[in-house]
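# Structural overview
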Amino acid sequence: MAESIEEGSLVFVADGEDGVGAVRRLLPEENAVIVYIENSGDFLIPAIGVRAVHAGKVMLDLDHLSRPVLEAIGRARKSEYPH
């Protein structure tokens, strides 16, 4: 990765889309990060689940995330779209 992940970085699934959360904590000893996903809470994301880091943004790799994380991402923006 060209940049390092920092606590507080916004988390996205694709460029040009709204963020789904933010990095809460770095876990270098586990090669992972804790990410808060909106409307769902904190999740452990292994390094393989991060596709890219640039401009202070963390881009996730959906192909390498667990089902609970994917479900949380699906709920991330629901409160903004009540219908």
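Residues numbered from 1 in each chain as written. Predicted model: local features only at pLDDT ≥ 70, side-chain atom pairs only at ≥ 80, totals over all residues. Heavy atoms only, no water.

This part takes up the nonpolar core. Ile37, Ile45, Leu60 and Ile73 are the most contacted members of the largest nonpolar core, which totals 19 residues. Looking at this core, the elements with two or more residues in it are strand S3 (32-37), strand S4 (41-46), strand S5 (50-54), strand S6 (57-60) and helix H1 (67-75). Residues contacting Ile37, with those up to four places away along its chain left out, are Val20, Gly21, Phe43, Val69, Ala72, Ile73 and Ala76. (Core = buried A, V, L, I, M, F, W, Y, C linked by side-chain atoms within 4.5 Å. Buried < 20%, exposed > 50% of the residue type's maximum accessible area, 1.4 Å probe, protein only. Helix = DSSP H or I, 4+ residues; strand = E, 2+ residues; numbered from the N terminus. Contact = heavy atoms within 4.5 Å.)

Moving on to H1. Listed in full, the buried residues belonging to H1 are Val69, Ala72 and Ile73. For H1, the buried positions fall inside an angular range of 100° around the axis, keeping them on one side. On its buried face, H1 is in contact with S3, S4 and S6. (Arc of directions from axis to C-beta.)

A separate point is the packing of aromatic side chains. Evaluation of the coordinates by the stated rule reveals 0 aromatic pairs. A cation over a ring is seen here: Lys57 above Phe12, with NZ or CZ 5.3 Å from the ring centre. (Phe/Tyr/Trp six-rings, centres within 6.5 Å; stacked < 30°, edge-to-face > 60°. Lys NZ or Arg CZ within 6 Å of the ring centre and 35° of its normal.)

Looking now at the environment of Ile48. Relative to the helices and strands, Ile48 resides in the loop between S4 and S5. Remark: the alpha-carbon pair of Ile48 and Gly21, spanning 27 residues in sequence, is separated by 18 Å. Discounting residues that sit within four places of it in the chain, Ile48 has contacts with Asp61 and His64.

Positive phi, normally seen in glycine, also occurs at Asn39, with a value near 70°. Mapped onto the elements of the fold, Asn39 is located in the loop between S3 and S4. Classification of Asn39 by relative accessible area gives partly exposed; the value is 42%.

Worth remembering: the numbers are spatial, not functional.
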